[in-house]
Amino acid sequence: DTGVSQDPRHKITKRGQNVTFRCDPISEHNRLYWYRQTLGQGPEFLTYFQNEAQLEKSRLLSDRFSAERPKGSFSTLEIQRTEQGDSAMYLCASSPRDPLALSRYFGPGTRLTVL
Amino acid sequence: GESVGLHLPTLSVQEGDNSIINCAYSNSASDYFIWYKQESGKGPQFIIDIRSNMDKRQGQRVTVLLNKTVKHLSLQIAATQPGDSAVYFCAETAENSGYSTLTFGKGTMLLVSP
């Protein structure tokens, strides 16, 4: 399967703990996006990378959230001192180098539950 | 801020019927639109897209219509099948944002009965 992959698929943690999620984009896709989705809502944009550069961050991305893409391939999203309100599906997406290829291809998501 | 929204939260149809899912957008600068299908526990799956220089685009069993005058988007699914049951989202983006931000609506759940 050459699609976007995410790990883990599910994470249950206690409030106050740190969690880290990983995303592996489609090979050769240079753009990578993180989204958050709560039940019954559409995905909300969090942040965007072009290669290793983080070019945009949403206001939703508080100081407790940090994302990296050190080598321009996989990316990690870390949430520090988790809160119950962080419970959501965290989606990663990627898109090709072609500037005319605008669609995002999404991974299966990581479901986070904060107790 | 401006956003994309959907009129109908749930649409129930019989297998074989044609389905129409509607979406209203408010950002007049939006010039690229995508429909996604999301099944339970999965990430959104690309269905079809359309640019603002087009009014209609057809895929396999799906057609997207764009009415820029009233800022309305629709997804038509022909001969709906039980496997089409899912939540459908429209999403929009604009060149003036560098196409970096894709804004999603809240979704419409399509239920197909055999």
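The notes below deal with the structure included here. (Residues numbered from 1 in each chain as written. Chains lettered and ligands numbered in written order. Predicted model: local features only at pLDDT ≥ 70, side-chain atom pairs only at ≥ 80, totals over all residues. Heavy atoms only, no water.)

This paragraph deals with the overall build of chain B. Of regular secondary structure, chain B possesses zero helices and eleven strands. Listing each helix as α and each strand as β along chain B from the N terminus yields β-β-β-β-β-β-β-β-β-β-β. Scaling as 2.2 N^0.38, a compact globule of 114 residues should have a C-alpha radius of gyration of about 13 Å, and chain B matches this with 14 Å. C-alpha extents for chain B along the principal axes are approximately 45 × 30 × 20 Å. A burial count over chain B gives 45% of its 114 residues as buried. For chain B, the share of sequence-separated contacts (at least 6 apart) that also reach a separation of at least 24 residues comes to 54%. Accessible surface for chain B amounts to roughly 5500 Å². Of this, 47% is attributable to carbon and sulfur atoms. In chain B, which carries 9 positive and 10 negative side-chain charges, the distance between the mean positions of the two groups comes to 1 Å. (Helix = DSSP H or I, 4+ residues; strand = E, 2+ residues; numbered from the N terminus. Rg over C-alpha atoms; globule rule 2.2 N^0.38 Å. Buried < 20%, exposed > 50% of the residue type's maximum accessible area, 1.4 Å probe, protein only. Contact = heavy atoms within 4.5 Å. Areas by Shrake-Rupley, 256 points an atom, 1.4 Å probe, with all protein chains shown as cover. Lys, Arg positive; Asp, Glu negative; His and termini not counted. Charge placed at Lys NZ, Arg CZ, Asp CG, Glu CD.)

All names here are of chain A. Scanning the entire structure with this criterion turns up two disulfides over all chains. The residue that forms a disulfide with C23 is C92, at a sulfur-sulfur distance of 1.8 Å. The S-S bond linking C23 to C92 shows a torsion near -65°; that makes this disulfide left-handed. Of the two residues, C23 is situated in strand 3 (residues 19–24) and C92 in strand 9 (residues 88–95); the sequence distance between them amounts to 69 residues. Just as C23 is buried, C92 falls in that class too. (Disulfide = S-S within 2.5 Å.)

Below, the discussion takes up the interface of chain A and chain B. You'll often see interface size given as the accessible area lost when the parts meet. Contacts between the two partners involve 19 residues from chain A and, on the opposite side, 18 residues from chain B. Carbon and sulfur atoms make up 53% of the surface buried where chain A meets chain B, a total of about 1600 Å² over both sides. The interface formed by chain A and chain B contains zero salt bridges. The interface formed by chain A and chain B contains seven residue pairs in polar contact (both at pLDDT 80 or more). Of all elements in the fold, only strand 4 (31–37) and strand 5 (44–50) of chain A reach the threshold of two or more residues within the side of chain A that touches chain B. It is strand 4 of chain A that contributes the most residues to the side of chain A that touches chain B, three residues altogether. (Buried area = accessible area lost by both parts, 1.4 Å probe. Salt bridge = Lys/Arg side-chain N within 4 Å of Asp/Glu carboxyl O. Polar contact = N/O pair within 3.5 Å; in protein donor to acceptor, adjacent residues only side chain to side chain.)

In this structure, B:I21, B:W35, B:L73, B:L75, B:Y88 and B:L110 are the most contacted members of the largest nonpolar core, which totals 20 residues. Looking at this core, the elements that each hand over two or more residues are strand 2 (10–14), strand 3 (19–25), strand 4 (32–38), strand 5 (45–51), strand 7 (62–67), strand 8 (72–77), strand 9 (86–93) and strand 11 (108–113) of chain B. In contact with B:L75, other than residues within four places in its own chain, are B:S19, B:I20, B:I21, B:W35, B:I47, B:I48, B:V62, B:T63 and B:Y88. Listed in part, the 19 residues of the second largest apolar core include A:V4, A:L32, A:A67 and A:I79. (Core = buried A, V, L, I, M, F, W, Y, C linked by side-chain atoms within 4.5 Å.)

A few words on the sheet that holds strand 3 of chain A. What holds strands together in a sheet is hydrogen bonding between their backbones, with the strands either parallel or antiparallel. Residues and elements named next belong to chain A. The sheet built from four strands is open, its strands ordered 1-3-8-7 with antiparallel pairing. Of all the strands in the sheet, just strand 1 (5–7) and strand 7 (65–68) have a single pairing partner and so form its edges. Between one strand axis and the next, the sheet turns by 15° as a mean value, whatever way the strands run. Of the strand pairs in this sheet, strand 3 and strand 8 (residues 75–79) are connected by five bridges, and their pairing is antiparallel. In the strand pairing of strand 8, F21 is matched with L77. (Pairing = 2+ DSSP bridges. Axes fitted to C-alpha atoms, helices over the stretch in contact; angles between N-to-C directions.)

Our next topic: the packing of aromatic side chains. All names here are of chain A. Across all of its chains, the model carries 14 aromatic pairs over all chains by this definition. Ring geometry for Y35 and F106: centres 5.4 Å apart, planes at 55°, overall tilted. Highlighted residues: Y35 in strand 4 and F106 in strand 10 (residues 105–106), separated in sequence by 71 residues. We note that Y35, like F106, is buried. (Phe/Tyr/Trp six-rings, centres within 6.5 Å; stacked < 30°, edge-to-face > 60°.)

To continue, consider the environment of B:E95. Residue and element names in this part refer to chain B. Take E95: it is sitting in the loop between strand 9 and strand 10 (103–104). On the basis of relative accessible area, E95 is assigned to the exposed category, the value being 56%. The spacing of E95 and I48 is 47 residues in sequence and 19 Å in space, taken between C-alpha atoms.

Glancing now at the pattern of salt bridges. Scanning the model with the defined rule gives seven salt bridges over all chains in all. Linking A:R64 and A:D86 is a salt bridge whose minimum nitrogen-to-oxygen distance equals 2.8 Å. Taken together, the residues span a long stretch of sequence, with A:R64 in the loop between strand 6 (53–57) and strand 7 and A:D86 in the loop between strand 8 and strand 9 at a distance of 22 residues. In terms of burial, A:R64 and A:D86 fall into one category: buried. Across the pair B:R61 and B:D84 runs a salt bridge whose closest N-O atoms are separated by 2.9 Å. Residue B:R61 is located in the loop between strand 6 (56–58) and strand 7, and its partner B:D84 is located in the loop between strand 8 and strand 9; the two are separated by 23 residues in the primary sequence. One salt-bridge network, in which partners are shared between bridges, spans A:R64, A:E83 and A:D86.

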